[in-house]
Amino acid sequence: MVLTAFFPTCCASADSGLLVGRWVPEQSSAVVLAVVHFPFIPVQVKELLAQVQQASRVGVAVLGTWCHRRQEPEESLGPFLEGLGALFSHEPWLQLCRERGSKSWSCKATRRQGPAPLAPACEDQVMLIFYDQRKVLLSQLHPPAALPERQAGDATASAGGLAAVFDTVARSEVLFQSDRFDEGPVRLTHWQSEGMEASILVELAKRAAGPVCLLLACLLSLVSTASACRVFRLWPLSFIWSKLSTCEQLRHRLDQLALIVSTHRAEGPAQLMRKANTLVSVLLDMALGLLLLSWLHRKDRFAQLAEALVPVADRVAEELQHLLQWLMGAPAGLKMNRALDQVLGRFFLYHIHLWISYIHLMSPFIEHILWHLGLSACLGLTVALSILSDIISLLTFHIYCFYVYGARLYCLKIHGLSSLWRLFRGKKWNVLRQRVDSCSYDLDQLFIGTLLFTILIFLLPTTALYYLVFTLLRLLVVTVQGLVHLLVDLINSLPLYSLGLRLCRPYRLAAGVKFRVLEHEAGRPLRLLMQINPLPFSHVVRTYRLPSCGCHPKHSWGSLCRKLFFGELIYPWRQRGDKQD
């Protein structure tokens, strides 16, 4: 029988003593966690292991002995170490030894063939695997079900054993809190034997985080209570708040801050990683917002934007007027219905006139409005981009109105033509049963239906042309707003902390392990070195992606083309929906 022993590299140069770890019978493997040095009292070692087992819920025990023959006097420890198996009974009993003056190792595992104390012992072969205890402790092993397909199949066979190793080291952290400077009765060698890793800044931040988070949580509760006031739920305020991108982003920012300053302890590594990603995302967003705010205040760029906004609006309105005058003539040599063409053209020209008057009426206040809106950039770049999206919606509201008028008129004619086409075939739409039924019509009904069908079919090209032009303009505006919303969702959902860990400390996000052969000679145990495979960047983004406030309805290309053909509205407002991960 071949046993697997996972041995920490930090203990390879430790003095002789006892091997402390966990035995995993399902995989016939032993995970060595530390080495207990001489002198020690067996009762005190057992008490320490009982305390560690109670705190970590891990079956920690003495697995065997470790002999490091660095000096001649220590060669006499061999028989003494072999006799420790009677004090710390464990099956199998590991005996690891590093030869003096060479890099060769000797490993064996003995077990008794019967329950009697004097029963003969048999030896099993041992495969020694070295691992970096610090990296394994700090890393998080991702399950094979969440890995890419090319790695999932390779990792399935050894997933159980690897998970047991990672889980054992992670849950035994209480064992690593003692170092060689402690005056305790038991001296251990592990990855923190030379002193615990700590930082003064980190410890100060931990102590200050509690009161600060409590204060911020109280302030956020007051803001949430004020925003939930019944005044804001009355129409039309509730309607306006639900349609503005800025309000959606502010709600999302409140949810992010509530998650960050929450006083509840993270239940697992996934929730802890989500908090860290959210914190880094908010800090980066606010830093970019402050940079934008400083750039806008420098050289009085608010006044420059206000001066350029009115000429741009006038230029857009002038181009729309030229477009309507072109449609009122003979566009592309097409013969249109002149009466309907003139009515629609003058109707839209009047709307443009109203829009230009509105812009010139607001021009004295535009600079002050932009200055106050620019202050919101201190809340983050995403808030500023959401305000930009709402400003685009307001500045192109006349285009939206043109699109709605054209779409409704076109949709009315399409439905009228489909109903009259059913009339010619002797059918009608049954509203109650939601189906097409047969129906008999008299001569007057057929005559009126023929007249209406002829009128609608000859008026359809004029209406369709106006609908096509304004739909293209609307799609252009929606595309620009969609790019802005994609940038906002990218900033909100990108797991920057996880990507930073993957870039700077790849072992923290483990997709699996690989083994490198250190020694493979006849008559000697096989020695391997376990190395951590980092998680791919694409999988890091998919696993730790944050929820965003993007809530546009998802349409396929087929459904979008169907809506455009039948004149149904596309994205008439920013529809509020559930947050998407």
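Chains are numbered independently. Their residues run from 1 in the order of the written sequence. Only residues with pLDDT of at least 70 are given local features in this predicted model, and only at 80 or more are side-chain atom pairs given and counted; all residues enter the totals for whole chains, interfaces and linings. Side-chain metrics rest on all non-hydrogen atoms present in the structure, leaving aside hydrogens and water.

Looking up the protein chain in an unreviewed UniProt entry gives the name Phosphatidylinositol N-acetylglucosaminyltransferase subunit Q, with the organism given as Rangifer tarandus platyrhynchus.

(A) Inspection of the overall build of the protein chain at higher detail. Numbering of helices and strands starts at the N terminus; helices are DSSP runs of H or I of at least 4 residues and strands are runs of E of at least 2. Along the protein chain, the regular secondary structure elements total 18 helices and 13 strands. The cut-offs for exposure are 20% and 50% of the maximum accessible area for each residue type, with area from a 1.4 Å probe on protein chains only; residues under the lower value are buried, those over the upper are exposed, and the others partly exposed. Residue burial in the protein chain is summarised as follows: out of 581 residues, 40% are buried. When the accessible surface of the protein chain is split by element, carbon and sulfur atoms take 64% of a total near 33,000 Å². Each accessible area value is a Shrake-Rupley result obtained with a 1.4 Å probe; residue values ignore everything except the protein chains displayed when judging cover.

(B) Geometry of the confidence of the model for the protein chain. Taken over all residues, the pLDDT of the protein chain has a mean of 80, while the share at 70 or more is 82%. Summarising per-element confidence for the protein chain, the mean pLDDT is lowest in helix α4 (residues 149-155) (43) and highest in helix α16 (residues 496-504) (92). Confidence drops under pLDDT 50 across residues 145-157; counting only partners more than four residues distant or on other chains, this segment forms 16 contacts. Under a pLDDT of 50 for its full length, residues 572-581 has, in the predicted model, 28 contacts with residues more than four places off or in other chains. pLDDT expresses, on a scale from 0 to 100, how confident the predictor is about each individual residue. Pairs of residues are marked as contacts when any of their non-hydrogen atoms sit within 4.5 Å.

(C) A look at the UniProt feature "transmembrane region" (unreviewed entry) in the protein chain. UniProt positions are given in the numbering used here, feature names are shortened, and annotations may be inferred rather than shown by experiment. The sites that carry the UniProt feature "transmembrane region" (unreviewed entry) are, in the present numbering, residues 278-296, 343-361, 373-396, 445-469 and 475-499. Strand forms 0% of residues 373-396 and helix 71%; the C-alpha atoms that close the span are 19 Å apart. Between the first and last C-alpha atoms of residues 445-469 the distance is 35 Å; the span itself is 100% helix and 0% strand.

(D) Broad picture of the pairing of strand β2 (residues 17-24). Counting buried positions along β2 yields seven of eight residues, so the element is predominantly enclosed. Relative to strand β3 (residues 29-37), β2 is paired through eight bridges, and the arrangement is antiparallel. Each bridged residue has a counterpart across the sheet, and for Gly17 the counterpart in β3 is His37. Paired strands are those between which DSSP finds at least two bridges. Linking two consecutive strands that pair antiparallel, namely β2 and β3, is a turn of four residues; a positive phi of about 50° is found at Ser28 within it. With six bridges connecting them, β2 and strand β4 (residues 60-68) associate as antiparallel partners. Note on β4: the bridge partner recorded for Val20 is Val62.

(E) The arrangement of helix α18 (residues 557-566) in detail. Inspection of α18 places Ser559, Leu560 and Lys563 among the buried residues, and these make up the whole buried set. All buried residues of α18 fall inside an arc of 100° around its axis, so they share one side. In α18, those exposed residues whose orientation departs by more than 90 degrees from the buried face are Trp557, Gly558 and Phe565. Looking at the buried residues of α18, the elements they touch are α15 (443-493). Looking one or two residues past α18, Gly567 carries a phi angle of roughly 80°, positive in sign. What the arc describes is the spread of directions from the helix axis to the C-beta atoms.

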